[in-house]
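Each chain is listed here by its residues.
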Amino acid sequence: MMTQAFYTGISGLQSNQTGIDILSNNIANISTVGFRGYNVEFSSMFEESMNTAATSVVTSSIGSGVKVATSTMNRDKGVIILSERSTDLAIIGNGWFGVQGEADVQYTRAGNFTFDRESDLVTPDGYYVLGTMGGNISKDNVLTKILAEVPLGEVASQQKLRFPKSLTYPAEASTKAKFIGNIGFDSKVRTIGAGVVDPQNNKNHLRLEFTKKAVQTPPGSQWDVKATTQTLDGTTIYDTKLGVANFDSSGALINTTLTNIDNNGASVAIDLGSGFDGVTAITSLPISASSVSDGTQGGDLRGYSVNKNGEVIATFTNGLQSSVGRIAVYHFRNEQGLERASGVRFFEGSNSGAPIFYKDANGKNIIGTDIVNFNLEGSNVTMTNALTELIILQRSYDANSKSITTADQMMQKALQMDA
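Notes on the structure follow. (Residues numbered from 1 in each chain as written. Predicted model: local features only at pLDDT ≥ 70, side-chain atom pairs only at ≥ 80, totals over all residues. Heavy atoms only, no water.)

Where strand β17 (residues 221-230) meets strand β18 (residues 237-247), ten bridges bridge the pair, whose relative direction is antiparallel. When the bridges of β18 are listed, S221 appears paired with F247. Here β17 folds back onto β18, and the loop between the two strands holds six residues, one of which, G234, carries a positive phi near 80°. Examined bridge by bridge, β18 and strand β19 (residues 253-256) share three bridges and lie antiparallel to one another. Each bridged residue has a counterpart across the sheet, and for N246 the counterpart in β19 is N255. As consecutive antiparallel partners, β18 and β19 are separated by five residues, and within that stretch G251 has a phi angle of approximately 95°, a positive value. (Pairing = 2+ DSSP bridges. Helix = DSSP H or I, 4+ residues; strand = E, 2+ residues; numbered from the N terminus.)

Another point: the pattern of salt bridges. On inspection of all chains with the given rule, the structure shows 15 salt bridges. One salt bridge in this structure joins R190 and D186, with 2.9 Å as the shortest N-O distance. For R190, a relative accessible area of 16% translates into the label buried. Where salt bridges share partners, they join E149, E311, R326 and K364 into one cluster. (Salt bridge = Lys/Arg side-chain N within 4 Å of Asp/Glu carboxyl O. Buried < 20%, exposed > 50% of the residue type's maximum accessible area, 1.4 Å probe, protein only.)

Quick look at unusual backbone geometry now. Along the chain, P218 connects to P219 via a cis peptide bond; the corresponding omega equals -10°. One can find P219 in the loop between β16 (203-212) and β17. In this structure, S119 takes a positive phi of about 65° despite not being glycine. Positive phi outside glycine occurs at N141, with the angle close to 60°. If you trace the backbone, N141 turns up in the loop between β11 (128-133) and β12 (159-160).

All right, on to the nonpolar core then. Within the largest apolar cluster, 37 residues are counted, with the highest numbers of intra-cluster contacts made by F97, Y304, V312 and I327. Residue assignment for this core shows that the elements contributing at least two residues are β6 (89-91), β7 (96-100), β11, β25 (299-306), β26 (311-316), β27 (321-327) and β28 (329-330). With sequence-adjacent residues up to four places away left out, Y304 is seen in contact with F115, S119, F163, P164, L167, V312, I313, A314 and V324. In terms of nonpolar packing, the next biggest core, distinct from the first, is built from 22 residues, A194, F210, L272 and A281 among them. (Core = buried A, V, L, I, M, F, W, Y, C linked by side-chain atoms within 4.5 Å. Contact = heavy atoms within 4.5 Å.)

Pairing is antiparallel across the open sheet formed by five strands, whose spatial order is β15-β16-β17-β18-β19. Here the strands that pair on one side only, and so sit at the sheet edges, are β15 (190-197) and β19. Pairs of neighbouring strands in the sheet enclose a mean axial angle of 25°, with direction left out of account. Across eight bridges, the pairing between β16 and β17 is antiparallel. Counterpart to L206 in the pairing with β17 is T229. (Axes fitted to C-alpha atoms, helices over the stretch in contact; angles between N-to-C directions.)

Relative to the assigned elements, N112 resides in the loop between β8 (105-108) and β9 (114-115). Those residues in contact with N112, other than ones at most four positions away along the chain, are V33, R85, D88, V122, T123, P124 and L376.

A few words on the packing of aromatic side chains. Going through the model one piece at a time under the given rule, you end up with nine aromatic pairs. Ring geometry for Y107 versus F332: centroids 4.9 Å apart, planes at 80°, classification edge-to-face. Here the residue Y107 occupies a position in strand β8, and F332 occupies one in the loop between β28 and β29 (339-342), the gap between them amounting to 225 residues. Exposure class is identical for Y107 and F332. Each is buried. Taken together, the ring pairs in this structure connect Y107, Y330, F332 and F357 into an aromatic cluster. Positioned over the ring face of Y127 is R345, at 3.9 Å from the centre of the ring. (Phe/Tyr/Trp six-rings, centres within 6.5 Å; stacked < 30°, edge-to-face > 60°. Lys NZ or Arg CZ within 6 Å of the ring centre and 35° of its normal.)

This brings us to the side chain of E335. In this structure, E335 sits in the loop between β28 and β29. Among the polar contacts listed, one links the side chain of E335 to the side chain of W96, at a separation of 3.0 Å. Leaving out residues up to four positions away in the same chain, E335 has contacts with R36, M73, R75, N94, G95 and W96. (Polar contact = N/O pair within 3.5 Å; in protein donor to acceptor, adjacent residues only side chain to side chain.)

With that settled, the discussion passes to the environment of T283. You can see T283 is positioned in the loop between β23 (277-280) and β24 (288-293). On the basis of relative accessible area, T283 is assigned to the exposed category, the value being 63%. On a C-alpha basis, the gap between T283 and G184 in space is 5.1 Å, while along the polypeptide they are 99 residues apart.

This part is about the environment of A252. In this fold, A252 is placed in the loop between β18 and β19. Of the residues examined, A252 reaches a relative accessible area of 6% and is grouped as buried. Remark: the alpha-carbon pair of A252 and A281, spanning 29 residues in sequence, is separated by 6.6 Å. Setting aside its immediate chain neighbours within four residues, A252 contacts N246, F247, G275 and F276.

β11 sits mainly inside the fold: five of its six residues count as buried. Relative to β11, β7 runs antiparallel, the two sharing two bridges. The residue bridging Q100 from the neighbouring strand is Y128, located in β11. Inspection of the sheet shows β11 paired to β12 by two bridges, in the antiparallel sense. In the sheet register, G131 faces β12, and the bridge partner there is Q159. Relative to β27, β11 runs antiparallel, the two being bridged by three bridges.

Written as structure tokens, this is what we have:
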């Protein structure tokens, strides 16, 4: 029995020390972003069943030591902390971000990402964040099309989110301009203007000047129209076209001879509308003028940001934006099977199952959870619970230490009795 007391005490010391180490690590990371604590579970090493004399039913047992059965991940969500960066992300539900260095893919809840000097989305220690690239950036760093969102690809196709440091939004020359307004019925000269973009990425002015003809043919009214394309400051004129606009007695546009005009190398169709949809000549309405034109002035990259859907958004100096990538969120059938790599990162384990993406009703891959930017998930270790558990383990450690001391004293006395 005294030998058994030694075994029991020693196993208790070893097991409680392991538990204290795990709890100490939890407490040390109480302020670590995305940290998930571990709980320790114990089991008896051996048990001897004891039966009463009157029955064969087991009524109690004597343990012969304790061991650490396992340590399990605490899957509670950490507190959400407000931050000042759009690249700081927090997963509200289940899921894991994927990151990769030189070796295998690792998974983490820590979303404190940033863009490095090369505009790659990385963790603070340089691991690349994984996701789906939009495929709308050419080799010469020109945006090929605007994307409202980037569909999430398959698990095996996820790659490092690497974006060019410089990116150009190409200019799109204007091809048409529609004019809307009321020039009235009196003989005053009326002008309507529109902004148009030329192939050289210059924003120019398309100006229409309406002059009522001196000789009118009732009913209705007839106007000479002079169209001019020029620089915004008016110093350079690219083209001038003359035409006529005819209105009926109610002021609705019947027809016009103006068709198109050159805008520094690009033809722009002039649309005055028809009927009351466009330019009118109505006496009873106030004078007004407006226009709508297509074309986009090019711009340079202002920067990248991440929205709440995990979309990486490129913003340009012309005020336009486009999605260029999407951050992946992985899921596992058994998160407890993940193996801790270090700190806040985990490897796929033999019991976790392979990483998967959730799918919607149409079979489309989705992140399957809510992501908030300008926020981070803190550690899920609470100080009160951790300290309480630590006190319990320390007391248990002391008790096992005293059991060894007591067994030693009893052994000494037994040896003295034999002498």
